[in-house]
Structure formats: structure tokens, C-alpha cells
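# Chains, contacts and geometry: an overview
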Amino acid sequence: MTGPESEGSQVRRAVCPGSFDPITNGHLDIIARASRLYDEVYVAVMINKSKKGLFEIEERIELIREVTSEYANVRVEAFHGLLVDFCKQRDIPAIVKGLRAVSDFDYELQMAQMNIGLTGVETLFVPTNPTYSFLSSSLVKEVAAWGGDVSHLVPSQVLEALNGRLRKD
């Protein structure tokens, strides 16, 4: 065996969770930054059966794999249930979350405290690049549905899929 594990050191793993319906340039910025800090970064796509997304889980996973293909250390998987269980099953000690505003912090702090209390999984907050501080998947879908230009907010593959989906509906 070669690499960090052969030298007795641990592989540093983190997860970037979300619904990613669809993935935006803001999400990609956080994933890219995490991929520079960790040996392995999992993008965990949340399955919420009670919520109908614009894209099916498999479509989201495929889009995320396409737009993160330049990062050799990024893996994309679906999950349902508790994120800390996903982390425990894969020996992931850290969750990386982007924060856009103080309102994000209030909610995310509660989640972080619950997660560390349940299993000891840490949450690291990364301030969002100011360019993307207003950006959310919901906003992208709404603007695109009304014919607005979101080409600067999502990767080209996502824009193509988004336009195709909205023309269908």
C-alpha cells in the first residue's frame, strides 16, 4: 500500500451534505475548497421522500459527478436518514457547511451541536464566497422557471439540464 495510510497516518475525510436540487456555483465553491483541505470529500445527496425535487436523486448525482470530475478526491453518494450515520459508516469525522448569512448560522449551529452530541462528528463552517452569498437552489429554480438568466449561477451542464427540465414541464 502506498500513500498516507501506508505511513500510519489517517486519511482525512469530510462530507458536504445537501439536496443539491440543482447544484450551484456556490455549492461547487464549498466542495472545491473542502477538496483542498481533505484527502477525501463525500458529497452526500439527501433523499427526502416527502419532498418532490425538480431532479431525481440519480440525476442530481450524475450532474454532481460531472461538475466535480476535476476533483479526484470527491465522491458522490445518496443518503437518507441521519447524516451522522452516513458519517459513521464511512469513518468521516467532519461535516463541511457553507454559511451565507447569519440566518444560516442559527440553524446550522443547532444541527452541529446535535451532531457532535450524537456521535462526535464535528461541523466546520466555511464562509461563502461573497459572489454567491445570495445563491440557493430554490432561487435558481424560481428565476429559471420565469425565464431569467441563471447561466452565471450554475455550471453549464446544470444549466442545460435545468433548461431541458423546465421546457418539459
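Higher on the page you've got the structure.
Residues numbered from 1 in each chain as written. Predicted model: local features only at pLDDT ≥ 70, side-chain atom pairs only at ≥ 80, totals over all residues. Heavy atoms only, no water.

### Focus: helix H3 (residues 83–90)
Here is the rule we go by: Three exposure classes are used, based on accessible area relative to the maximum for each residue type with a 1.4 Å probe and protein chains only: buried under 20%, partly exposed in between, and exposed over 50%. To qualify as a helix, a DSSP run of H or I must reach at least 4 residues; to qualify as a strand, a run of E must reach at least 2; elements of each kind are numbered from the N terminus. Note: the arc covers the axis-to-C-beta directions of the helix. Contact criterion: two residues are considered in contact whenever any of their non-hydrogen atoms come within 4.5 Å of each other.
Among the residues of H3, Leu83, Val84, Phe86 and Cys87 are the ones counted as buried. One side of H3 holds all its buried residues, which, seen down the axis, span an arc of 155 degrees. Exposed side chains of H3 directed beyond 90 degrees from the buried face belong to Lys88 and Gln89. Against strand S1 (13–18), strand S2 (40–46), strand S3 (74–79), strand S4 (94–99) and helix H4 (102–119) lie the buried residues of H3. Positive phi shows up at Asp91, right after H3, with a value of about 55 degrees.

### Things to note about the pattern of salt bridges
Side-chain pairing between opposite charges can occur once the charged atoms of the two side chains come close. Rule in force here: What makes a salt bridge here is a side-chain nitrogen of Lys or Arg within 4 Å of a carboxyl oxygen of Asp or Glu, nothing more.
Applying the stated criterion across every chain yields a total of 12 salt bridges. Among the ionic pairs, Glu40 bridges to Arg13, the shortest N-O distance being 2.6 Å. Taken as a pair, Glu40 in strand S2 and Arg13 in strand S1 lie far apart in primary sequence, 27 residues in all. Arg13 matches Glu40 in its accessibility class, with the two residues each being buried. Between Arg165 and Glu59 there is a salt bridge; the shortest N-O distance is 2.4 Å. Taken together, the residues span a long stretch of sequence, with Arg165 in helix H6 (residues 156–168) and Glu59 in helix H2 (residues 57–67) at a distance of 106 residues. You can call Arg165 buried: its relative accessible area is 14%.

In short, the description is geometric, and any link to function would need to be established separately.
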